[in-house]
Amino acid sequence: MPAAGSEGEEGLAGEQPGPGTPKLCGYLQKLSGKGPLRGFRSRWFVFDPRRCYLYYFKGPQEPLPLGHLDIASACFSYHQPEAGAAAAGDELTAFEVHSPGGAVTVLKAATRQDTTYWLQELQQKRWEHCHSLDSRTSPTPGDFSKGLVAKDNPDLSILSQNASAERARNILAVETSPTDLVGEQAASQPAPVQGSAINFSLKQWSTEIKNSMSSLRKGSNDNRRSVFYTTEEWELLDPTPKDLEDSMALEEKRKNLAEGSKGLTSSAFPFDFGRIPHKARRPLKDMIGSSKNRSSSDSSPTEWCSGNGNRLVSELQLKYQSQQEELEKLKKDLLSQKELVRLLQQTVRSSQYDKYFASHLCEGVPKDTLELLHQKDDQILGLNNQLEKLNLEKDSLQQEVKNLKCKVGELNERLGMLMETIQAKDEVIMKLSRQLSECEDSTSSQSGAINSPTATCTNKELQELDRLKDNLQGYKTQNKFLNKEILELSTLRRNAEAREREWQAKYTSLEAKLCQIESKYLILLQEMKTPVCSEDQSPAREVITQLLEDALKAEPNEQPEQAFFKPHLVSEYDIYGFQTIPEDDDEEKLVAKSRALDLRSLSLSENREISTGVKWENYLASTMNREMMRCVELKNLIRCGIPHEHRSKMWKWCVNLHVKKFKDSAVPGYFQILLQKALEKPNPASKQIELDLLRTLPNNKHYSSPTSEGIQKLRNVLLAFSWRNPDIGYCQGLNRLVAIALLYLEQEDAFWCLVTIVEVFMPRDYYTKTLLGSQVDQRVFKDLLSEKLPRLHAHFEQYKVDYTLITFNWFLVVFVDSVVSDILFKIWDSFLYEGPKVIFRFALALFKYKEEEILKLQDSMSIFKYLRYFTRTILDARKLTAIAFGDLNPFPLRQIRNRRAYHLDKVRLELTELEAIREDFLRERDTCVEKRDLISDDEEDS
């Protein structure tokens, strides 16, 4: 099992509640099944701190869980088994998990120590999870590991914990440590064996089959066993003599039927090898049981024949045996008659052959030839007779082999019976020896000492006292745990009631605000329908003014205790740090707040359905016991969007996936070396980098001022990259790519993310001075638009609208500042996993999303004006993703590469022609006196 959370490979299975917190996992026995199949089955349990779920698998290497227990809403108690239903000690090692709805799950640990440890840990995890619910309205710093977004503070304060309850919990806590069956090291050990239970769950049969198919796909021979194997091993044993007799009788019947149906035309090889039926697989326990039954019946025939009913049965058996003997005689007579008929038919056939040979073939044939033919005929007859003799010998030999096998089977059976008898005698001898030694000890003790009975009683009393002390300690531990459980449940109930009161107050506040707004809207609608005043004195103007003031009013800073009662729908910044509402224009403020409310409404409606977060949690649960790898399931999940709390590690995993060869070939501390070099030596790109730092994302709080934390990180990454790639150095657009990456990644990871985009994803010369690759992609996009959206392409051509002036920036900075932030980061999720083809998909999807609106515009100015802002009006990320990855299929990458190669040659030829024109102009300017004063902007800068 790969070590979860190891350095270097940072998969999702490595997510831990804290850097030094061990992962809660291990083997437990789970009571399941019904009727005779009910019993404890060994399962591998893993606690997931993200959802406070306890997942259980069939084994540590299984990819899919069989189910889970909701620890957040569960309570715990010790299991009290029924009388005689469990072995001694089960009442101290088994415990119950009571889930909502009355479901009770019984779990059992290997030792009391493990039971206490599991109960303490699960209790602590539930306590921590329930106390963190009060601050879950926005992501907390603990949910992230890296990036500028991780530095944000939560909007709401955490409720203060009850000090007296904490003191009582600490007093009632029991110090204990786990054994080797708890923790990640337990995955390398075999599961505890429960002899009476079948290790297969009929309830989760589909998951069992999926897990077994997954293990088969791994290709390891160790895992190529069906999930339907039980804990009792099945062996391939030799057939018993009775089985051989049955198979011989069946074979004899088959031969008789074949001879009767074929007659004289039967084959010379009457034996059909490979069809001898016998029972190849029988459980060893059944074999021993059947042999015991036969031996007991053979050893006591008088008991079997006792009684009137037994006499009648014996008479019937005698009649049956006589009839069987008669049948065998008839079979032998039939066989002899068949053999006689066969010989007679052979004689008749040979005589007919001689007659035919003498009458037809002898005419005109020399005597020497006839004699030779007669000799050959005699030889053939002799060989046939010899062949028949050999067949008979072979039959007799085979019969001997069968008889020998029967004898060997009988000898094996007798040997087993003798071994059992010897074992029983050995046990009797040992028992008698122990009794003899006890008698000798008692005799010697009686003769040697008078107070020995008192000493024996004292030893028994001491043993009983030790047992009672042990039980007393166990019951004290149980009592402490149950008292702590009662205390915690009471505290959690009070917290839930307080939280319910707070939500009720928030609901009341929202309802009151809704009633006020609805009242104003009704007044406005009534006035618009039937105005009763003049336009200047109309109440509609006052209502509209008041509504606009309320909508644009800034949210006041409130006290922490009042935060729960404020209906907080739109904050000043979103979770990524982007400003939600601009500060300058009131009209733009209104549009921005309306857009933010629409986004909030969409997110709330998505949360009511089976959200992407639930699918991600299910996938992450399946990766707890294995490394994360590229697969179709992961690609589909990433296309739906990575949840906010997992984006940091997923982005780092995607970047490492693409730049692994670069990082392996680089020296240790490569980024720090480049950064140190950039700080010590001046770089031609450093001046332009400094100019663009504050212009990167001015609407994001992490880059809004020179003292912002993101500015220094942005400077470091851009300077380091300018020294790594001197051909590019710095290009406008790289700053925005790095700024987005730094929101979820640390400096070094953001540096490698930029390397991934510039050196792995994009073609060469994409970010050079000529922007050759960017120009090529615009022509490729034109071809794809004409193919995928022909009506829209014809509309643009009709009104001569050059939409590449808008889309050029989409490709250069991967939609930064072009779409709303929620859609932007979902595009980046797929982009970092799949590559640049995603940009073409989403660019086409944006046009298809608003295709009908664009087609309604009938002049070039209105079309171009609409294209400048229409992407900010697209808010439904799910619909856009469905268009990009569904409606636009097929979308082969080979087609994009071929078109890039085709347009690259054309653009290079055009640039060569432009360079020739430029050189001609410069030459003409140098020779012409009137044009010497004309200089370009580049020449003026230089």
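I will try to describe carefully the structure that is included in this document. Everything numeric in this text was worked out from a predicted model, so none of it was measured. (Residues numbered from 1 in each chain as written. Predicted model: local features only at pLDDT ≥ 70, side-chain atom pairs only at ≥ 80, totals over all residues. Heavy atoms only, no water.)

Our next topic: the sheet that holds strand E2 (residues 39-48). Pairing is antiparallel across the open sheet formed by seven strands, whose spatial order is E4-E3-E2-E1-E7-E6-E5. The sheet is open, and its two edges are formed by strand E4 (67-70) and strand E5 (75-78), each paired on a single side. With strand direction ignored, the average angle separating the axes of adjacent strands in the sheet is 35°. (Pairing = 2+ DSSP bridges. Helix = DSSP H or I, 4+ residues; strand = E, 2+ residues; numbered from the N terminus. Axes fitted to C-alpha atoms, helices over the stretch in contact; angles between N-to-C directions.)

All right, on to the packing of aromatic side chains then. The full count for this structure, using the stated rule, is 30 aromatic pairs. Taking 5.7 Å as the distance between ring centres and 75° as the angle between the ring planes, the aromatic pair formed by Tyr744 and Phe825 counts as edge-to-face. Of this pair, Tyr744 sits in the loop between helix H20 (734-742) and helix H21 (747-761) while Phe825 is found in helix H25 (residues 821-834), placing the two residues 81 residues apart along the sequence. Just as Tyr744 is buried, Phe825 falls in that class too. Ring geometry for Trp810 against Phe847: centres 5.6 Å apart, planes inclined by 40°, an arrangement best described as tilted. Pair noted here: Trp810 is in helix H24 (residues 804-813) and Phe847 is in helix H26 (residues 837-849), with a separation of 37 residues, a long-range link. Neither residue differs from the other here; Trp810 and Phe847 are each classed as buried. The ring of Tyr833 is capped by Arg630, whose NZ or CZ atom sits 4.7 Å from the centre of that ring. Across the ring face of Tyr849, the terminal group of Lys879 is positioned such that the distance to the ring centre comes to 4.6 Å. (Phe/Tyr/Trp six-rings, centres within 6.5 Å; stacked < 30°, edge-to-face > 60°. Buried < 20%, exposed > 50% of the residue type's maximum accessible area, 1.4 Å probe, protein only. Lys NZ or Arg CZ within 6 Å of the ring centre and 35° of its normal.)

All right, on to a nonpolar patch on the surface then. Residues Leu415, Leu418, Met419 and Ile422 make up a contiguous nonpolar surface patch of roughly 400 Å² in combined accessible area. Tracing the chain through its elements places Ile422 in helix H9 (residues 367-448). (Patch = residues over 30% accessible without salt bridge, like charges linked within 9 Å, V, L, I, M, F, W, Y side chains within 5 Å. Areas by Shrake-Rupley, 256 points an atom, 1.4 Å probe, with all protein chains shown as cover. Salt bridge = Lys/Arg side-chain N within 4 Å of Asp/Glu carboxyl O.)

Quick look at the packing of helix H18 (residues 686-693) against helix H19 (residues 709-724) now. The N-to-C vectors of H18 and H19 enclose an angle of 150°; their axes lie 10 Å apart at closest approach. In this view, H18 runs roughly antiparallel relative to H19, as classed from their interaxial angle. Crossing angle aside, the handedness with which H18 passes H19 is right-handed. Between H18 and H19, the residues in contact are Ser686, Ile689, Glu690 and Leu693 and Ile711, Leu714, Arg715, Leu718 and Leu719, respectively. Here the contact of H18 with H19 is composed, by residue class, of six nonpolar, one polar and two charged. (Parallel < 35°, antiparallel > 145°, perpendicular 65-115°, else oblique. Left-handed = near helix turned anticlockwise from the far one by under 90°. Contact = heavy atoms within 4.5 Å. Nonpolar A, V, L, I, M, F, W, Y, C, P; charged D, E, K, R; others polar.)

Summarising the element assignment, Gln895 is placed in helix H30 (residues 893-927). Of note is the side chain of Gln895, whose polar atom sits 2.9 Å from the side chain of Glu787. Excluding residues within four positions of it along the chain, Gln895 makes contact with Leu784 and Glu787. (Polar contact = N/O pair within 3.5 Å; in protein donor to acceptor, adjacent residues only side chain to side chain.)

A few words on the pattern of salt bridges. For the structure shown, the criterion picks out 21 salt bridges. For Asp817, the salt bridge goes to Arg736, with nearest N and O atoms at 3.6 Å. Placement of Asp817 in the loop between H24 and H25 and of Arg736 in helix H20 is noted, with a sequence separation of 81 residues between them. Given the relative accessible area of 35%, Asp817 is considered partly exposed. Of the charged contacts, one joins Glu910 and Arg779 as a salt bridge, the two residues approaching to 2.5 Å between their closest N and O atoms.

On their own, these measurements won't tell you what the molecule is for.
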